[in-house]
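Read off the chains here:
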Amino acid sequence: MADAIRALTIDAVEQAKSGHPGMPLGMADAATVLFSRFMKYDAADPRWADRDRFVLSAGHGSMLLYAWLHLSGHGGMAVEDLRRFRQLHSVAAGHPEFGEHPAIETTTGPLGQGLANAVGMALAERHLAARFGKSLVDHRTWVIAGDGCLMEGISHEAASLAGHFGLSKLCVLWDDNGICIDGEVSLTSSDDVLKRFQSYGWAVKRVDGHDPIAVEKALEGAVRSRKPTLIACRTIIGFAAPTKAGTAGSHGSPLGAKEAEAAKQALGWTSEPFEVPEDIKSNWEAAGRRSAGTRRSWLKRLANHPQKADFERAMAGKLPDGWHEAAAAFRQRLAEEKPKAATRVSSQKALEVLVPAIPELVGGSADLTGSNNTNVRGIPVLSPANLGGRYIHWGIREHGMAAAMNGMAAHGGVIPYSGTFLAFADYMRPSIRLAALMRVRAIHVLTHDSIGLGEDGPTHQPVETLASLRAMPNLCVFRPADAMETAECWELAVQRADGPSVLALSRQNLPALRGEAGENRSARGGYVLAEASGPRAATLIATGSEVQLAIAARETLEAEGVPTAVVSLPCWELFALQDEGYRAGVLGTAPRIGIEAALGFGWDHWLGPDGVFIGMTGFGASAPAEDLFRHFGITAEAVVAAARRKLT
């Protein structure tokens, strides 16, 4: 059975003339034991909610995953798909892509991300088991990771989290082959990996990865363990390849026709390319059906479970009835009260409405709870003693936090949101990018969003970060101007089921700018906040904390007889999706001035060739916020002066 994985890997990589045969050839034995004797799955229903999750963190070895799916009888991974490995529109992409096949649990390839996703999946499983009970939620998370996954810094953050939370149903099989792309791992690392994981609170075991009996005993131990488990599977990369086995030469390129044929001869494999003997295929298909009875029993339990409707709704990612009414009532209250507050505080007020109304919302912060305002009074902390809690203290682990959030979102049943400072988005960027690529619903509350944070200085002032996040496809970046827009943006973020969101929020207090609460005006990304008193002479366009400056500048210009409109642009991505007529009506034909306490990169798209940008041109400085805005010329007076120059 393991040799079938190896043969298909060799064939697919040779046909594609590219790929990574080394890891599948080395880990085929251990993977076969896992897939045929331990993992709970039914090939007939790859999205069964209580299936075990499998994450190929070493995603370059994707043919191991595709071969298993094909051999075990999963629909949608036919031999024709393997023949088209790494080709355009193939479900068998170069690295596993979430959404390309229903049994691919997460997108992997950037090393370490899959391991950290798996921590989030295991955490989601424990949380949902506490909510719905073990009769509905009782499954494991399995990972195959390589040396590179464990070198990446994210593996330290993720493994530490797993040990802290005692995620005993998480097991990592480490492909301990001692080889990386440049050569032997000893070139670059002398860690004692097992001791490292022991220090995190994991159970550890070292086995011969080519000995199925040894692997089976280690997996039996993992199932019994009260800790997460790391099994070091000592393997030979490129196993059976006569000259490339055990070398970096088998890692990331085809073996070549001669070497491929010799490897098959060493295995005793005589079938034609992409062909598997019927008896071996039958054994694999039996493994794919092994848990069919378990799934049928689970379906019977679900049918009679008092929480059936709630469970199915949560796993489908649908929001509960009534949540929108609570949100609408909150916005009506904001319209009446017109609070002056930092948008980070307005965000917390919105969460006080949304979190009780949407049980799937699970929040957190990277050791900045009091600054991010992501907690809600009365909502219990998710801790080792209370995995049913709904607020996670992630610690100073932004990268691991964001990747675990992706795993929680991909697992289903949970809508994760968490916070840090906007300046630290770069620590999370690889995981935010993968969330956007996978189109999973993860919400990042990123506060202290400009020079307005003041005295902490340029290290914490994210002047370039908005532009870099806006450059990312399928990420919605919300920068609300006041409490009303913050509430609207939160509604849009929780409703957005096809991608992640960022809420960029201010540290400093902002005045209320809106007094009506009917339509969610932020839903179109941008809108006319204040129209000119006559035919427009100027249009002021701003986001977030600078919208108030645009309003103040408009008052001065209007008093001087210059009809001026103010456009609030809280979400560029949503505004770009509107029809051309709407955008043209909002932006107008008068000279445009953009205002944002950040770099101007990207603003040309909205300002046009004759527009003017008022903002940052370099890094910030350490001083009170008011002094910084004056020092860098981001004031209502500067906007008025720019408008006057355009109109003369």
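Residues numbered from 1 in each chain as written. Predicted model: local features only at pLDDT ≥ 70, side-chain atom pairs only at ≥ 80, totals over all residues. Heavy atoms only, no water.

Quick word on the overall build of the protein chain
Scanning the protein chain from N- to C-terminus turns up 26 helices and 18 strands. The C-alpha atoms of the protein chain give a radius of gyration of 27 Å, which matches the 26 Å a tight globule of 648 residues would have. Overall, the protein chain is about 90 × 55 × 45 Å in size when its C-alpha atoms are taken along their principal axes. Among the 648 residues that make up the protein chain, the fraction classed as buried is 61%. A fraction of 78% describes how many contacts in the protein chain between residues 6 or more apart in sequence connect residues 24 or more apart. (Helix = DSSP H or I, 4+ residues; strand = E, 2+ residues; numbered from the N terminus. Rg over C-alpha atoms; globule rule 2.2 N^0.38 Å. Buried < 20%, exposed > 50% of the residue type's maximum accessible area, 1.4 Å probe, protein only. Contact = heavy atoms within 4.5 Å.)

Quick look at the sheet that holds strand β11 (residues 443–447)
Taking strand neighbours across the sheet as the criterion, the six strands line up as β9-β8-β10-β11-β13-β12 in an open arrangement whose pairing is parallel. Pairing within the sheet leaves two strands with one partner each, and these edge strands are β9 (391–393) and β12 (476–478). Adjacent strand axes in the sheet meet at a mean angle of 20°, parallel and antiparallel pairs treated alike. Here strand β8 (residues 361–365) pairs with strand β10 (residues 415–421) via three bridges, running parallel. Bridging across to β10, leucine 361 finds its partner in isoleucine 415. The sheet contacts of helix α17 (residues 398–411) involve β8, β9, β10 and β11, and relative to β10 the element is tilted by about 165°. (Pairing = 2+ DSSP bridges. Axes fitted to C-alpha atoms, helices over the stretch in contact; angles between N-to-C directions.)

Brief notes about the sheet that holds strand β6 (residues 203–208)
One open sheet accounts for five strands, arranged β1-β2-β3-β7-β6; its pairing is parallel. Of all strands in the sheet, those with a lone pairing partner are β1 (53–56) and β6, marking the two edges. Across the sheet, the mean angle separating the axes of adjacent strands is 15° when strand polarity is ignored. Pairing geometry for strand β2 (residues 141–146) and strand β3 (residues 170–176), over six bridges, is parallel. Looking at β3, one finds that glycine 146 is bridged to aspartate 175. Each of β1 and β2 touches helix α3 (residues 62–71); the most contacted strand, β1, lies at about 145° to it.

Describing the pattern of salt bridges
Under the defined criterion, the tally for this structure stands at 35 salt bridges. One salt bridge connects aspartate 50 with lysine 40, and the closest N-O pair in it is separated by 2.9 Å. Highlighted residues: aspartate 50 in the loop between α2 (22–38) and β1 and lysine 40 in the loop between α2 and β1, separated in sequence by ten residues. Neither residue differs from the other here; aspartate 50 and lysine 40 are each classed as buried. The closest approach of N and O atoms between arginine 47 and glutamate 105, which form a salt bridge, is 3.6 Å. In this pair, arginine 47 is assigned in the loop between α2 and β1 and glutamate 105 in the loop between α4 (79–83) and α5 (113–132), connecting sequence segments 58 residues apart. Judged by relative accessible area, which is 37%, arginine 47 ranks as partly exposed. Overlapping salt bridges bring together Arg331, Glu488, Glu491, Arg514 and Glu516 as one network. (Salt bridge = Lys/Arg side-chain N within 4 Å of Asp/Glu carboxyl O.)

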